[in-house]
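Here is what each chain is made of, one letter per residue.
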Amino acid sequence: MPPELAATRAFSIEVIQTLKKAGFQALWAGGCVRDLLLGKESKDFDVATNATPDQVRDLFGHERTLPIGASFGVITVNGGRRRGQVEVATFRTDVSYSDGRRPDAVRFSSAEEDAQRRDFTINGMFYDPVEEKILDFVGGRRDLKHGLVRSIGNPYLRFEEDKLRMLRAVRFSSTFAFDLELATQRAIREFASHIHVVSAERIAAEMRRMMADKHRMIAVRMLRDLTLLEELLPELNAVVGHALRWSETYQSLESLRVADFRAAMALLLRYACQHCILNGAPLRPIEPAAQIATRWKLTNDEAKTIQWLLRHEGQIGHAQEVAWPVLQRLLIEEPAPLLIEVGRAVQLAKRNSLQGVEYAQSRIELPEEDLNPQPLLNGGDLIEAGYKPGPQFQRVLEAVRDEQLERRIATSAEALAFVKDHWNQG
């Protein structure tokens, strides 16, 4: 476990010990308990207690606590820069959900009642790290043993309360390669069209985690089977209905070797965007990808990189046939390693030769002075040589760069001579 996580874990145990010494019940809750039983590292160590928010603040001091989630019974206890922060939540029952996402009000309760309001059995357990004791009121240990994601109680009520839980169900099932319980599946299909009440940011956050995971293809298949995919990505409807294209999309996602959301999304959207790529101007937005980026409020980097990968993936498949100046300009871009991985996944899915991909990989591994040598000329050099700035500048400089990369010229003097011979032709 990384030192920072170990420090946060130790701090969370210290918080539990402090609460217990003060006479309160205090336990680890939710995902960290699930991860503990699965033998996985956890990033968060949330604490649940029967102490009220005011009692938690009085116990740890107002200067060390933040009441950011106090209306839901959650107080953040600050352990300092090294130990991080721990959320301490009072056992509660949620009164009602009118917005399909957050409870309108909460009532403080017991650990058993608190477990009943959580989403899935595997996330509904508690653990006392001091006494090393598990409290399981919902059958979470049993479902972990059988590899099953099951809603706590009535799944229709769970999804009616919080529509984001539908995506969480898919994420947990795919990430852990667990089965999704049948009644839970039926409820998701019934509520799938309600997913739009969830904020774009939360949808994107869940999709990032699913698509960056090695089991992303399982997630996509589940989203399709549960009718969530057509709600989230209607741009894919024609692809899903085309057996060959959908099979290749699925196979490419399975072949992708990197855990990167941008690369996975490029593969998922490849066929949906193909018409735009073949018929659009080089720098024009790739419409389906741009629409999704806007709808999900993706970062500028995500939006630009996904479209860049889509625009250039085809060149990597036959990179050995691409003129070196053109290929070189791709390989010096920051996401070039992702482009090669996307190209590899596509060629594997199509059962094509990897010759082009392997050639691109060999070229990107060249020493810097060979892959990206310093330009022989810049705009200042042209001005100093007596040329007036204008539209021709960039075209001539690119032509000089091409000659340099092709190793037909190697010095500034040769570059200036080339400019003199080709200026009026530029």
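Parameters at a glance
- Residues numbered from 1 in each chain as written.
- Predicted model: local features only at pLDDT ≥ 70, side-chain atom pairs only at ≥ 80, totals over all residues.
- Heavy atoms only, no water.
- Core = buried A, V, L, I, M, F, W, Y, C linked by side-chain atoms within 4.5 Å.
- Buried < 20%, exposed > 50% of the residue type's maximum accessible area, 1.4 Å probe, protein only.
- Helix = DSSP H or I, 4+ residues; strand = E, 2+ residues; numbered from the N terminus.
- Contact = heavy atoms within 4.5 Å.
- Pairing = 2+ DSSP bridges.
- Domains from an automatic or database assignment.
- Buried area = accessible area lost by both parts, 1.4 Å probe.
- Salt bridge = Lys/Arg side-chain N within 4 Å of Asp/Glu carboxyl O.
- Polar contact = N/O pair within 3.5 Å; in protein donor to acceptor, adjacent residues only side chain to side chain.
- Axes fitted to C-alpha atoms, helices over the stretch in contact; angles between N-to-C directions.
- Parallel < 35°, antiparallel > 145°, perpendicular 65-115°, else oblique.
- Left-handed = near helix turned anticlockwise from the far one by under 90°.
- Nonpolar A, V, L, I, M, F, W, Y, C, P; charged D, E, K, R; others polar.
- Expected span 1.5 Å × (residues − 1).

1. Let's talk about the nonpolar core
Item 1. Membership of the largest hydrophobic core comes to 104 residues, with the highest contact counts inside it found for Leu 228 and Trp 296.
Item 2. The element contributing the most residues to this core is helix H15 (residues 261-279), with eleven residues.
Item 3. Aside from chain neighbours lying at most four places away, what touches Trp 296 is Ala 200, Glu 201, Ile 203, Ala 204, Met 207, Leu 232, Leu 233, Phe 261 and Met 265.
Item 4. Membership of the second largest hydrophobic core comes to 13 residues, among which are Val 396, Leu 397, Ile 409 and Ala 415.

2. Overview of unusual backbone geometry
Item 1. One non-glycine residue with positive phi stands out, namely Lys 297, at about 55 degrees.
Item 2. Positionally, Lys 297 belongs in the loop between helix H16 (287-295) and helix H17 (300-317).
Item 3. Positioned with a positive phi, Arg 351 is a non-glycine residue whose angle comes to about 60 degrees.
Item 4. Of note, Arg 351 is situated in the loop between helix H19 (336-349) and helix H20 (355-364).
Item 5. Overall, Arg 351 belongs to the exposed group, its relative accessible area being 80%.

3. Here's the deal with the pairing of strand S4 (residues 74-78)
Item 1. Taking burial as the measure, the five residues of S4 include four buried ones, the bulk of the element.
Item 2. The pairing of strand S3 (residues 65-69) with S4 spans three bridges and is classified as antiparallel. Its bridge partner being in S4, Gly 69 is matched across the sheet by Val 74.
Item 3. Remark: four residues form the turn of the hairpin made by S3 and S4, two consecutive strands paired antiparallel; Gly 73 in that turn has positive phi of roughly 85 degrees.
Item 4. As paired elements, S4 and strand S5 (residues 85-90) share five bridges and run antiparallel to each other. Bridge pairing in S5 links Thr 76 to Glu 87.

4. Overview of the domain arrangement of the protein chain
Item 1. When its domains are assigned, the protein chain resolves into domain 1 (1-146), domain 2 (147-232), domain 3 (234-372) and domain 4 (379-422).
Item 2. Opposite the 18 residues of domain 2 that make contact, domain 3 presents 22 residues.
Item 3. Carbon and sulfur atoms supply 66% of the area that domain 2 and domain 3 bury against each other, a total of about 1,800 Å² over both sides.
Item 4. It is Arg 208, Arg 216 and Met 217 in domain 2 that bury the most area against domain 3; as a group they hold 30% of the surface buried on that side.
Item 5. The interface formed by domain 2 and domain 3 includes two salt bridges.
Item 6. Glu 302 serves as the salt-bridge partner of Arg 208, at 2.7 Å between the closest nitrogen and oxygen.
Item 7. Put simply, domain 2 and domain 3 have seven residue pairs in polar contact (both at pLDDT 80 or more) between them.

5. Overview of the packing of helix H14 (residues 243-255) against H19
Item 1. For the pair H14 and H19, the least separation of the axes is 8 Å and the interaxial angle reads 130 degrees. As far as their axial angle goes, H19 and H14 are oblique. As H14 runs across H19, the sense of the crossing is right-handed. Listed contacts from H19 to Glu 248, Gln 251, Ser 252 and Ser 255 of H14 are Ala 345, Val 346, Leu 348 and Ala 349.
Item 2. Classifying every residue of the contact of H14 with H19 by side-chain character gives four nonpolar, three polar and one charged.

6. Some words on the packing of H16 against H17
Item 1. At a closest axis distance of 10 Å, the pairing of H16 and H17 adopts a crossing angle of 165 degrees. Compared by their axis directions, H16 and H17 come out roughly antiparallel. Handedness of the crossing formed by H16 with H17: right-handed. Every residue of H17 that contacts H16 at Ala 289, Ala 290 and Ala 293 is listed here: Ala 303, Ile 306, Gln 307 and Leu 310.
Item 2. Class assignment for the residues of the contact of H16 with H17 results in six nonpolar, one polar and no charged.

7. Here's the deal with the side chain of Thr 249
Item 1. Tracing the chain through its elements places Thr 249 in helix H14.
Item 2. In this structure Thr 249 comes out as buried when scored by relative accessible area, which is 3%.
Item 3. Looking at Thr 249, its side chain comes within polar contact range of the main-chain oxygen of Arg 245, at 2.8 Å.
Item 4. When sequence neighbours within four positions are dropped, the list of residues in contact with Thr 249 reads Val 239, Leu 267, Leu 268 and Tyr 271.

8. Describing helix H9 (residues 182-191)
Item 1. When H9 is considered as a whole, its buried residues turn out to be Ala 183, Thr 184, Gln 185, Ala 187, Ile 188 and Phe 191.
Item 2. Those residues of H9 that are buried are in contact with strand S10 (148-149), helix H7 (155-161), helix H8 (164-175) and strand S11 (179-180).
Item 3. Backbone nitrogen of Ala 183 and a side-chain oxygen of the N-cap are separated by 3.3 Å at the start of H9; the cap is Glu 181.

9. Describing H17
Item 1. Taking 1.5 Å per residue as the helical rise, H17 with its 18 residues ought to reach 26 Å, and the 26 Å between its terminal C-alpha atoms agrees with that figure.
Item 2. Every buried residue belonging to H17 is among Glu 302, Ala 303, Thr 305, Ile 306, Gln 307, Trp 308, Leu 309, Leu 310, His 312, Glu 313, Ile 316 and Gly 317, and all of these are buried.

10. Concerning the pairing of S5
Item 1. Relative to S5, strand S2 (residues 47-49) runs parallel, the two being bridged by three bridges. By the bridge assignment for S5, Val 47 is matched with Val 88.

11. Focus on the sheet that holds S3
Sheet strands associate in pairs through backbone hydrogen bonding, adopting either a parallel or an antiparallel arrangement.
Item 1. Taken together, the seven strands give an open sheet; going across it, the order is S3-S4-S5-S2-S1-S8-S9, and neighbouring strands pair in mixed fashion. Two strands close off the open sheet at either side, each with one partner strand: S3 and strand S9 (133-135). Put simply, the sheet's adjacent strands are angled 35 degrees from each other on average, direction ignored.
Item 2. Set on the sheet, helix H2 (residues 31-38) makes contact with strand S1 (26-29), strand S8 (126-128) and S9; between it and S1 the angle comes to about 70 degrees.
Item 3. Set on the sheet, helix H3 (residues 53-60) makes contact with S2, S3, S4 and S5; between it and S4 the angle comes to about 15 degrees.

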